[in-house]
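Reading the structure
Given next are the chains, with one letter for each unit.
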Amino acid sequence: MMRPVRCFSCGKPLADKYEEFEKRVSEGEDPEEVLDDMGITRYCCRRMIYTSIDVTEEMMKFKR
Ligand SMILES: [Zn+2]
């Protein structure tokens, strides 16, 4: 998993957020509302989570 522990831009720790975000989105919640609810309001941090999740899903397609 290529998940940065902290936001590159502001240094906010995000390591413990990915799991909750992924779980709640997979249960049908709106990703935007989940991020708001978890207190991730800065665009830099939201970008960190979105991109890392996207990369993970991209990689799964190529798994053999
Ligand atoms: Zn940030």
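One structure accompanies this document, and this report is about it.

About the cut-offs
Sequence order sets the numbering: in each chain, residues are counted from 1 along the sequence as written. Under the rules for a predicted model, residues below a pLDDT of 70 receive no local features and side-chain atom pairs below 80 are neither given nor counted, while totals for whole chains, interfaces and linings still include all residues. Side-chain metrics in this entry use all non-hydrogen atoms of the structure; hydrogen atoms and water are not considered. Numbering goes from the N terminus for both helices and strands, where a helix is a DSSP run of H or I of at least four residues and a strand is a run of E of at least two. Residue burial considers only the protein chains on display, and all accessible areas are found by Shrake-Rupley using a 1.4 Å probe. The aromatic pairing rule takes the rings of Phe, Tyr and Trp, using the six-membered ring of Trp, and pairs them if the centres are within 6.5 Å, calling planes under 30 degrees apart stacked, those over 60 edge-to-face and the rest tilted. Partly exposed describes any residue whose relative accessible area lies between the buried limit of under 20% and the exposed limit of over 50%, with all areas from a 1.4 Å probe on protein chains only and scaled to the type maximum. Any N, O or S atom lying within 2.8 Å of the metal counts as a donor, and for Na, K and Ca the limit rises to 3.2 Å; water is left out, so some sites can look incomplete. Geometry is assigned from donor-metal-donor angles: four donors are tetrahedral when every angle falls between 85 and 135 degrees, four are square planar and six octahedral when opposite donors sit over 155 degrees apart with all other angles between 65 and 115, and any other arrangement is irregular. Every case where a carboxyl oxygen of Asp or Glu lies within 4 Å of a side-chain nitrogen of Lys or Arg is listed as a salt bridge.

1. Some words on the overall build of the protein
- For the protein, the count of helices and strands is 3 helices and 0 strands.
- Beginning at the N terminus, the succession of helices and strands in the protein can be written as α-α-α.
- Split by element, the accessible area of the protein, about 4,800 Å² in all, is 53% carbon and sulfur.

2. Looking at the packing of aromatic side chains
- Summed over all chains, the structure comprises 1 aromatic pair.
- Here F21 and Y50 contribute two aromatic rings whose centre-to-centre distance is 6.1 Å and whose plane-to-plane angle is 90°, an arrangement assigned as edge-to-face. Remark: Y50 occurs in helix α3 (residues 43-61) and F21 occurs in helix α1 (residues 17-26); sequence separation between them is 29 residues.
- By relative accessible area, which is 4% here, F21 ends up buried.

3. A look at the coordination of the zinc ion
- Every protein donor of the zinc ion is listed here as C7 (SG), C10 (SG), C44 (SG) and C45 (SG), and their distances to the metal cover 2.3 Å.
- Around the zinc ion, the 4 donor atoms are arranged such that angles at the metal cover 97 to 117°; this shape is classified as tetrahedral.
- Positions of the donor residues of the zinc ion, expressed as sequence spacing, correspond to C-x2-C-x33-C-C. Of this pair, C10 sits in the segment before α1 while C45 sits in helix α3, placing them 35 residues apart in sequence.
- The exposure class of C10 is partly exposed, given its relative accessible area of 35%.

4. Points about the pattern of salt bridges
- Taken as a whole and assessed by the stated rule, the structure comprises 7 salt bridges.
- Linking K17 and D16 is a salt bridge whose minimum nitrogen-to-oxygen distance equals 3.8 Å.
- Judged by its relative accessible area of 17%, K17 is buried.
- The shortest N-O distance in the salt bridge between K23 and E27 comes to 3.4 Å. Summarising the burial analysis for this pair, K23 and E27 share the class exposed.
- Connected through shared salt-bridge partners, E20, R24, E29 and D37 make up one network.

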